[in-house]
Every structure is written in structure tokens, then in C-alpha cells.
Amino acid sequence: MSLPAPDAVDELVCSARGCRREATWGVLWNNPRLHTPVRRKVWLACDDHRTHLEEYLQVRDFWKDTVPVADLPRIDPAALGDGGLPFGMPRSSGTLGPSGLLGMLGQGDPPSGPRTGAP
């Protein structure tokens, strides 16, 4: 069995909804109902949103680790096709941010502020 490795990232922009700041952290996660145990999806986080994204994933038991973006593998621009994705990769396989994950699970967007109690 291979060791978990994070998915490669492209643009270093925070994954938090509405944020366009430069990401400094990679928040690694895995949904065991969708991903193999060694898969590590990546949400990018700026310093302001790191804790919020970690907590959001921890509540769902998806959070695995948080690493500096310098430790993440990067997508090689030379390997990208005309659509901005690696050759042969379907559009639906791109990295999902918080809204994309919840949309797949049918749960809507994540809250934009800190959690303040039970739903």
C-alpha cells in the first residue's frame, strides 16, 4: 500500500468562499465514502481561513493534516491541455473547494463564519 500523498495544486488561492488571498497552507482531507484511504484532497487556505477550514473538515471526520503550501506537489503547466486540466482528466475530477464538496453531498455551502452551535 502506498503512503498518502496530497493531490497536486495549481494556483495558490485560498479555497474559502469569497476569498482570493494567497494560500499559505494546504488542508489535507479525505472523504472515506468517496476516496481511497491513500487519497488526500487539498483545500488551500490563507492564514485567516486555515482554522475555519480545518474545523469544518474535523467536524465531518475528513481532516487529515495541514501542511505549508511549499510542501505540496504542484501541477506542471507543461502537462496541461487546452482546458487547463492535465490531458485525459475529466472536468468533474478537478479539486473541489468547500462549496463543491457540499454540493456533491447535497449539503449546500459551508457557513461563512465560525460555528456558533448546533444546526
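Let me begin by describing the structure that accompanies this report. Remember, it's a predicted structure, so these values are computed and weren't measured experimentally.

1. Looking at the side chain of Thr66
Along the polypeptide, Thr66 turns up in strand E4 (residues 63-68). A polar side-chain atom of Thr66 sits 2.5 Å from a polar atom in the side chain of Glu54. There is a polar contact of 3.0 Å between the side chain of Thr66 and the side chain of Trp63. Ignoring anything within four residues of it in the chain, the contact list for Thr66 reads Trp25, Gly26, Val27, Arg50 and Glu54.

2. Here we look at the environment of Asp61
Position of Asp61 relative to the elements: it lies in the loop between helix H1 (50-59) and E4. The sequence separation of Asp61 and Asn30 amounts to 31 residues, and the corresponding C-alpha distance is 8.5 Å.

3. Here we look at the sheet that holds strand E1 (residues 5-6)
Taken in spatial order, the four strands make up an open sheet running E1-E3-E2-E4, and their pairing is mixed. Strand pairing shows two members of the sheet lacking a second neighbour, E1 and E4, which therefore form its edges. In terms of strand pairing, E1 meets strand E3 (residues 39-45) through two bridges, oriented parallel. Residue pairing across strands places Ala5 opposite Arg39, the latter belonging to E3.

4. Notes on the pairing of strand E2 (residues 25-29)
With four of five residues buried, E2 lies mostly within the body of the structure. Direction of pairing for E2 relative to E3: antiparallel, over a ladder of five bridges. For Leu28, the partnering residue across the bridge sits in E3 and is Val42. In this sheet, E4 lies alongside E2 in antiparallel orientation, the contact comprising five bridges. Following the sheet pairing, Leu28 is matched in E4 by Asp65.

5. Some words on H1
Turning to H1, its buried residues are His52, Leu53, Glu54, Tyr56 and Leu57. Residue Asp61 follows H1 closely and has a positive phi angle near 60°.

6. Some remarks on the packing of aromatic side chains
By the definition in use, this model includes three aromatic pairs. Each ring, one from Trp29 and one from Phe62, has its centre 6.3 Å from the other, and the planes form 25°; the classification is stacked. Of the two residues, Trp29 is situated in strand E2 and Phe62 in the loop between H1 and E4; the sequence distance between them amounts to 33 residues. On the basis of an interplanar angle of 35° and a centroid distance of 6.0 Å, the ring pair of Trp43 and Tyr56 is categorised as tilted. Taken together, the positions of Trp43 in strand E3 and Tyr56 in helix H1 put the pair 13 residues apart, joining distant regions of the chain. The same class applies to Trp43 as to Tyr56, namely buried. Directly above the aromatic system of Trp25 lies the positively charged group of Arg50, at a separation of 3.9 Å from the ring centroid. In this structure, Arg60 is placed above the aromatic ring of Tyr56, and the distance from its NZ or CZ to the ring centre is 3.8 Å.

Conventions used here
Residues numbered from 1 in each chain as written. Predicted model: local features only at pLDDT ≥ 70, side-chain atom pairs only at ≥ 80, totals over all residues. Heavy atoms only, no water. Helix = DSSP H or I, 4+ residues; strand = E, 2+ residues; numbered from the N terminus. Polar contact = N/O pair within 3.5 Å; in protein donor to acceptor, adjacent residues only side chain to side chain. Contact = heavy atoms within 4.5 Å. Pairing = 2+ DSSP bridges. Buried < 20%, exposed > 50% of the residue type's maximum accessible area, 1.4 Å probe, protein only. Phe/Tyr/Trp six-rings, centres within 6.5 Å; stacked < 30°, edge-to-face > 60°. Lys NZ or Arg CZ within 6 Å of the ring centre and 35° of its normal.

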